[in-house]
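# Structure at a glance
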Amino acid sequence: MLGGFRSSRSDVDVLAVVEESGTAAAQQAMGEAVAATAGRCPGTGLEMSVITAATASVLGACLFEVHINTTGDKTEIVTGAGGSGDPDLVLHSAVCRAHAVSVLGPMPARIFGPVPRDRILAAMVGDLQWALDRGSAAYAVLNACRAIRFAEEGRLCSKLEGAEWYTARHPDEAVVTAAVAYQRCGDEGPNVKEAAQFVAEARGRLRPF
């Protein structure tokens with residue numbers, strides 16, 4: 001959708017919208033049915049969320065019906081009944097409103113409501129912290145580039161496009177160059193300490209969020 005897919009490193013993200021919420025049993029059944037098809041998914045696996053039209057229109061607490069993740073060693077199915085929501089839906093919904101391809105149903109801009117800029121930036125800051133704690137150094141650096149571009153231009157883009165945009169302005173930033181080489185070709189990624197410093201500086205540029 002954003003042009004950054006690499007079959008050896010990328011999963012396939014899908015966000016489905018349904019008319020209304022279902023029971024916990026219905027959510028579990030939906031998740032199992034989707035997970036059963038994941039073997040045909042390209043890339044490293046499938047990560048999919050199902051939300052209602054009401055959530056897509058006004059995110060609120062980011063409630064969801066079910067979340068399916070087949071990218072790890074074990075398939076995860078998380079039902080949303082009685083849950084507190086998924087903050088990742090802030091960025092997912094914003095990207096879908098701007099760039100999604102509708103497989104079935106109305107155009108995305110008719111389904112997904114506008115997401116306030118401050119909420120997107122806050123979600124990006126949280127995502128950067130997750131990237132440092134649990135992702136790779138390259139993933140964290142590329143995410144930071146994407147976040148900086150949004151902060152400066154208001155444009156949502158792929159991680160690679162964000163890094164290309166950044167290196168066009170800062171061609172001597174070795175940590176970004178290394179992250180791009182890792183994502184594209186599987187080269188050795190950036191130094192972890194340097195990546196953490198770059199991400200910390202990026203978070204500072206996104207404050208007060």
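One numbering rule holds for all chains: residues counted from 1, following each sequence as written. In keeping with the model being predicted, local features are shown solely for residues with a pLDDT of at least 70 and side-chain atom pairs are shown and tallied solely at 80 or more, while totals for entire chains, interfaces and linings include all residues. For the side-chain quantities, the full set of heavy atoms in the structure was used; hydrogens and water were omitted.

### Examining the packing of helix H5 (residues 117-134) against helix H6 (residues 137-153)
Axis definition: a line fit to C-alpha positions, over the contact stretch in the case of helices; interaxial angles, taken between N-to-C directions, run 0 to 180 degrees. Only DSSP runs of H or I covering at least 4 residues are called helices, and only runs of E covering at least 2 are called strands; the numbering of each starts at the N terminus. Running from amino to carboxyl end, H5 crosses H6 at an angle of 165°, the nearest separation of the two axes being 9 Å. Comparing their axes, H6 and H5 come out roughly antiparallel. At the point where H5 passes H6, the crossing takes the left-handed sense. Contact with H5, carried on its side by Arg117, Ile120, Leu121, Met124, Asp127, Leu128, Trp130, Ala131 and Leu132, involves Tyr139, Ala140, Asn143, Ala144, Arg146, Ala147, Phe150 and Ala151 of H6 and no other residues of that element. We call two directions roughly parallel when the angle between them is under 35 degrees, roughly antiparallel when it is over 145, roughly perpendicular when it lies between 65 and 115, and oblique otherwise. Crossing chirality is assigned from the near helix's rotation relative to the far helix, an anticlockwise turn below a right angle marking it left-handed and a clockwise turn marking it right-handed. In this analysis, two residues are considered to be in contact whenever any of their non-hydrogen atoms come within 4.5 Å of each other.

### Comments concerning H6
When the terminal C-alpha atoms of H6 are compared, their 24 Å separation across 17 residues agrees well with the 24 Å that a helix rising 1.5 Å per residue should span. When accessible area is computed with a 1.4 Å probe and restricted to protein chains, residues below 20% of their type maximum are described as buried, those above 50% as exposed, and intermediate ones as partly exposed. Counting buried residues along H6, 13 of its 17 residues qualify, which places the element largely inside the surrounding structure. Of the residues trailing H6, glycine 154 is marked for its positive phi of about 70°. Multiplying 1.5 Å by the residue count of a helix minus one yields the expected span of that helix.

### Examining helix H3 (residues 89-99)
Every buried residue belonging to H3 is among Leu89, Val90, Leu91, Ser93, Ala94, Val95 and Cys96, and all of these are buried. On its buried face, H3 sits against strand S1 (12-18), strand S2 (46-52), helix H4 (108-111) and H5.

### Describing the nonpolar core
The criterion is simple. A nonpolar core is a set of buried Ala, Val, Leu, Ile, Met, Phe, Trp, Tyr and Cys residues joined through side-chain atoms within 4.5 Å. Of all hydrophobic cores here, the largest spans 45 residues; its most connected members are Ile120, Val176 and Phe198. If you look at the next biggest cluster of nonpolar residues, it comprises nine residues, including Ala35, Ala38, Cys41 and Ile68.

### Quick look at the sheet that holds strand S3 (residues 66-69)
Pairing within the open sheet is mixed, and its four strands lie in the order S1-S2-S3-S4. A single partner strand is all that each edge strand has here, and the edge strands are S1 and strand S4 (76-79). Going across the sheet, the axis of each strand differs from the next one's by a mean of 10°, ignoring polarity. Summarising the sheet, S1 and S2 pair through seven bridges and their orientation is parallel. Residue pairing for S2: valine 12 is matched across the bridge by leucine 46. Its contacts with the sheet put helix H1 (residues 24-35) on S2, S3 and S4, and the angle it makes with S4 is roughly 155°. Strands are treated as partners if at least two bridges between them are detected by DSSP.

### Focus on the packing of aromatic side chains
To pair, rings of Phe, Tyr and Trp, with the six-membered ring standing in for Trp, must have centres within 6.5 Å; the planes then decide the type, stacked if under 30 degrees apart, edge-to-face if over 60, and tilted in the middle. Within the structure shown, the criterion is met by two aromatic pairs. Summarising the aromatic geometry, the rings of tyrosine 166 and phenylalanine 198 are spaced 5.4 Å apart at their centres and angled 90° between planes, so their arrangement reads as edge-to-face. One end of the pair, tyrosine 166, is in helix H7 (residues 159-169); the other, phenylalanine 198, is in helix H9 (residues 192-206), and 32 residues separate them in sequence. Per residue, the accessibility class of tyrosine 166 equals that of phenylalanine 198, and both read buried.

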